[in-house]
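# Coordinates in review
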Amino acid sequence: MSETSLVQEFTKGLWKEIPPFRLVLGLCPTLAVTKAFDTGFGMGLALTFVLVCSNILVSLGRKIIPSKVRVPCFIIIIATFVVIVELVMQAYTYSLFLRLGIFIPLIVVNCIVLGRAEAFASKQGIGRSILDGFGMGLGFTISLSVLGSIREIFGAGKWAGMELFGASFQPFTFMVEAPGAFVCLGLMLGIMNLFGKE
Amino acid sequence: MRDIIRMIVVLAVLGALSGGGLAFVKKNTEEKIEYQVLKFVKGPAILEIMAGCSNDPIVDRIKIKDGEIERDFYVGVFNGKPNAVAYETMGKGFGGPMGVMVGVNLDTDELIGMGVTSPFAETPGLGARAKTEESFKNSFKGLSINKPVKVKTEGGGVDAISGATITSKGVCAAVTGSSEFYNKLKPQIIEKAAAFAK
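Read on for a plain summary of the structure. Residue positions are given per chain, counting from 1 as you read along its sequence in written order. Chain letters start at A and ligand numbers start at 1, both assigned in the order the entries are written. Per-residue local features of the predicted model are confined to residues with pLDDT of at least 70, and side-chain atom pairs are confined, for both listing and counting, to 80 or more; whole-chain, interface and lining totals are unaffected and use all residues.

Going along the chain from the N terminus, every DSSP run of H or I of four or more residues is numbered as a helix, and every run of E of two or more is numbered as a strand. Looking only at helices and strands, chain A features 8 helices and 2 strands. Secondary structure elements of chain A, listed N to C terminal, follow the sequence α-α-α-α-α-α-α-β-β-α. A radius of gyration in this sense is built from C-alpha atoms; the matching globule rule multiplies 2.2 Å by the number of residues raised to 0.38. Its C-alpha atoms give chain A a radius of gyration of 18 Å, within 12% of the compact-globule value 16 Å for 198 residues. A principal-axis box enclosing the C-alpha atoms of chain A has dimensions of 60 × 45 × 25 Å. Buried residues are those with 20 or more other C-beta atoms within 10 Å of their own C-beta, exposed residues have 12 or fewer, and partly exposed residues lie in between; C-beta atoms are placed from the backbone. Burial analysis of chain A (198 residues in total) assigns 43% to the buried set. Here the analysis covers contacts within chain A between residues at least 6 apart in sequence; of these, 75% occur between residues at least 24 apart. By definition, residues are in contact whenever their C-beta atoms, placed on the basis of the backbone, come within 7 Å of each other.

Written out as structure tokens, the structure is:
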């Protein structure tokens, strides 16, 4: 794994292993918060912050943390950053916080964050871990933004809160409901598989 | 044995660092969060009551101890004089308790407005119109807080919402009931509000 270049470490999160489409991890927030572009984008940024910070600390502590208690240690580190995100969001972007609601605290048990800590940061140096966190976080943000945009445009006729079509537009409300999230995600997975190799 | 000690030390240090960090962040965001919560939860009702004031009533709030309870008063400055306050009181509606925001002119003891806040679980289309029905809300204006506030059928001055007698009477009772602590704390309110004069 160490033969991969630093650039690849970053870009793999953007296409080759883009979460959640390639990894198919962290689907709970993916489906729940992508009713609109801005919630998806906000969730992505929150997760990126947590991912980068936890990757840094996990990588720094990889030689100190005994392997038997590594998971509790990871959880403490991740939970700390999640609470920081939660407090900062409450203080500065309260309306977004209200809409994301329970899904911010749930980042603690997000498979992507824990997965990267366990599978990557606990084995790699700090530089690579930061790049990995950024790449994965950015990939997740892009995925959620795209998914949110599609659902918002078709389901509500809006994008980031702006009306796109005239009054004659009949919103396809199925898209902003829960089943629509599954269908939309499935279609995107299919399209990605169509273009991707393997 | 050494292993166990190492695990305990690592976990304890990590936990302590996390706790310390979170306490620091919480301390620094506490004030901001309180403001945001007030702005988004109670703010709409306060700002509607204080329409036309020259300050931000949510920033210019005073806390006064009433026995065991601490009450918040939001001061509105009109024409440079801090002569209006809004405060929240609890009433009983059809669907359970409801928060009622009362605005009073400190000079004349007349009501300047009324708005409902949370909790608010009135029936949509009936009691829930207490939030939006202008004729209901406006009929509170100019009534004296020192006389019992009643709906018109009981000889008072409030236009009850048709189909929502219990909600209407509940709001009236809440306003009437609040006059007790309002009058008790009035000297303190005036004294503290004077600081906001421009």
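Our next topic: the sheet that holds strand β5 (residues 111–116) of chain B. Residue and element names in this part refer to chain B. When DSSP finds two or more bridges between a pair of strands, those strands are recorded as paired. Taken in spatial order, the 5 strands make up an open sheet running β1-β2-β3-β4-β5, and their pairing is antiparallel. The open sheet is flanked by β1 (61–66) and β5, the only strands paired with a single partner. On average, each strand axis in the sheet is inclined to that of its neighbour by 30°, with strand direction left out of account. Fitted lines through C-alpha atoms serve as axes, helices being fitted only where they are in contact, and the angles separating the N-to-C directions of these axes extend from 0 to 180 degrees. Contacts between helix α1 (residues 2–49) and the sheet are confined to β2 (69–78), β3 (81–92), β4 (97–105) and β5, with β5 contributing the most and set at about 160° to the helix.

So, about the nonpolar core. With 44 residues, the main nonpolar core has A46, V50, I78, F81, V85, I104 and V113 of chain A as its most contacted residues. Looking at this core element by element, the count peaks at 12 residues for helix α3 (residues 37–60) of chain A. When sequence neighbours within four positions are dropped, the list of residues in contact with I78 of chain A reads V50, S54, V108, V113 and L114 of chain A. The term nonpolar core refers to a group of buried residues, namely Ala, Val, Leu, Ile, Met, Phe, Trp, Tyr and Cys, whose C-beta atoms join them within 7 Å. One finds F73, A86, V100 and I189 of chain B within the second-largest nonpolar core, a separate group that totals 42 residues.

To continue, consider unusual backbone geometry. Here the residue pair P19 of chain A and P20 of chain A is connected by a cis peptide bond, since its omega of -5° sits within 30 degrees of zero. With respect to the helices, strands and loops of the structure, P20 of chain A is situated in the loop between α1 (6–11) and α2 (27–32). Residues other than glycine seldom take positive phi values, yet N79 of chain B does so here, at roughly 50°. The topology assignment puts N79 of chain B in the loop between β2 and β3. Assessed through the 9 C-beta atoms surrounding it within 10 Å, N79 of chain B is described here as exposed.

Contacts between the two partners involve 18 residues from chain A, matched on the other side by 17 residues from chain B. Secondary structure elements with two or more residues in the side of chain A that touches chain B: α4 (70–92) and α5 (94–100) of chain A. In terms of residue count, α4 of chain A provides more of the side of chain A that touches chain B than any other element does, 10 residues in total.

Turning next to the pairing of β4 of chain B. All names here are of chain B. Two elements, β3 and β4, share 9 bridges in a ladder whose sense is antiparallel. Its bridge partner being in β4, V85 is matched across the sheet by V104. Here β3 folds back onto β4, and the loop between the two strands holds 4 residues, one of which, G96, carries a positive phi near 125°. Pairing of β4 with β5, which is carried by 5 bridges, proceeds in the antiparallel orientation. Across the sheet, residue V100 finds its bridge partner in β5, namely V116.

Residue and element names in this part refer to chain A. The contact between α3 and α4 brings their axes to 9 Å, and the two run at 145°. Considering only the axes of α3 and α4, their crossing is right-handed. Residue-level contacts link A46, F49, V50, C53, S54, L57 and V58 of α3 to F74, I77, I78, F81, V82, V85 and M89 of α4. The classification used treats Ala, Val, Leu, Ile, Met, Phe, Trp, Tyr, Cys and Pro as nonpolar, Asp, Glu, Lys and Arg as charged, and all other residues, Gly among them, as polar. Residues belonging to the contact of α3 with α4 are distributed by class as follows: 13 nonpolar, 1 polar and no charged. For any pair of crossing helices, the crossing counts as left-handed if the nearer helix is rotated counterclockwise from the farther one by less than a right angle, and right-handed if it is rotated clockwise.

In short, shape yes, function no, at least from these values alone.
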